[in-house]
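# Understanding the architecture of this molecule
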Amino acid sequence: MKKKIVIETIIFFTYALFAMSWVAGSTLTLDIMGHFGIDTMADATWLNNAITLSKIVGNLAAAWFLVKLRPKKAFALASVLITCGVIGAFAPSYTVYVASRFVMGFGGALVIVYFAPIVVRYFGPEERPLVNGINAAAFNTGNLLALLFTGALVSWLGTWQNVTLAISAVSGLLLVIWWVLSEDFDLGGQGTDNTAKSAEYTLKEGFREPVNWWLPITYSGLLFCYISIFALFPLMPDFAAKATHLSAIMIAAGMAGTVAGIISANRYPLRIPVIRFSGLCMTACAATMVLTSNPGIAYATAFLAGFFMFLPMPALTTLPQELPGMTPGRITVVFSMFWSISYLIETLLMYLAGAMADATGNISIAAYFSVACSSTFFLASFFLPETGRQEDPSSTLTAEEAS
């Protein structure tokens, strides 16, 4: 098996297990509340808020860690932090448990940023849409694992603490494999235009480039709408779909959308039309989902909304990797900004949605607001550069042939 395939498998399952731990913890909220004597939902929300906040901070810090520690140690640090979720199993208080979630979330934030430089380092341009699409499915894979196996693990292992230990143990095993098989690599290397580039591409430089702002602005609307489907839509008194079915529908839609997105990114050379078309369809389907009173239409449009949320992800994540002069160091800064700004905007939008619901006394207003915000995926695409190119198939070389 080629080394790059092993490396990709490690980073994929490292993030998938982080997602599994996150979702499993959320699934076991009532058990955890009972263990620590927590009796208010406001306190319970910190189970997820701690991870969300850590992702905003961790995403932005990822580039700094990569430069200071180099790729091998930086990803190892991220894996160690994810494995630190095990501290929660021995936490003497709820505060310590929440802190362990923050640390775990910080590690997950680093990993998702490090996907990009590792892909740029090990995979050629023709392979990246496929690998980016696979990586985009990592969280959904962890979500699926949590939904399928959390109940069985609790029955088998007895307590939520043992479930936490088991997931952390597998994460620890992946950390060991990474340390044995991985290697450091130059963050400068060769750019996408085959010219040598400096590794010293800083956040300050990143903040100056408009594309680094338009990318997260584009994605933030999709992210907010995705989270709202689980957090806000089911609270609507006249929502036609059952909340218990939404997770399964969105996972299935996400998997189907990811596969379609990989095929599309490989066969269709342009990125912007896929992003723009998907954004338009996603918003239309989400709007239909919240407005209809017919359960069948609600479920169908929920699936389609989820499908069009994941369909453009291979194109969206491949686009910055195709910018002229892109290197592992620069792409790390780009995705540090991408994830951090996206989650920051989503957090602010969710707060505004809650404030609107409180002010009007109508939770449906918050849901409609999230649908309206999802249109950023369509509207902001007009400010993104087109990096895809029509190529003569006869002149295209594989990565091995080019090297």
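Conventions adopted
Residues numbered from 1 in each chain as written. Predicted model: local features only at pLDDT ≥ 70, side-chain atom pairs only at ≥ 80, totals over all residues. Heavy atoms only, no water. UniProt positions renumbered as here; feature names shortened; annotations may be inferred. Axes fitted to C-alpha atoms, helices over the stretch in contact; angles between N-to-C directions. Helix = DSSP H or I, 4+ residues; strand = E, 2+ residues; numbered from the N terminus. Parallel < 35°, antiparallel > 145°, perpendicular 65-115°, else oblique. Left-handed = near helix turned anticlockwise from the far one by under 90°. Contact = heavy atoms within 4.5 Å. Domains from an automatic or database assignment. Buried area = accessible area lost by both parts, 1.4 Å probe. Polar contact = N/O pair within 3.5 Å; in protein donor to acceptor, adjacent residues only side chain to side chain. Nonpolar A, V, L, I, M, F, W, Y, C, P; charged D, E, K, R; others polar.

Taken from UniProt, the Subcellular location (unreviewed entry) comment for the chain reads in full: "Cell membrane".

### Side note on the packing of helix α1 (residues 3–27) against helix α4 (residues 46–83)
Their axes nearest at 14 Å, the elements α1 and α4 cross at an angle of 160°. If you check the angle between α1 and α4, you find them roughly antiparallel. Regarding α1 and α4, the two cross each other, and that crossing is right-handed. Residues Ile 11, Thr 14, Tyr 15, Phe 18, Trp 22, Gly 25 and Ser 26 of α1 lie in contact with α4, whose contacting residues are Leu 47, Asn 48, Ile 51, Thr 52, Lys 55, Phe 75, Ser 79 and Ile 82.

### Notes on unusual backbone geometry
Even without a glycine there, the phi angle at Arg 70 is positive, about 75°. The residue Arg 70 is located in helix α4 in this model.

### Side note on the domain arrangement of the chain
Partitioning the chain into domains gives domain 1 (1–187) and domain 2 (203–387). Centre-to-centre separation of domain 1 and domain 2, based on C-alpha positions: 22 Å. Taken together, the contact pairs 32 residues of domain 1 with 32 residues of domain 2. Counting the surface lost from both domain 1 and domain 2, the interface buries some 2700 Å², and carbon and sulfur atoms represent 70% of this. Remark: the boundary between domain 1 and domain 2 carries seven residue pairs in polar contact (both at pLDDT 80 or more). Top contributing element to the side of domain 1 that touches domain 2 by residue count: α4, with eight residues. Tallied by class, residues from the side of domain 1 that touches domain 2 come to 21 nonpolar, seven polar and four charged.

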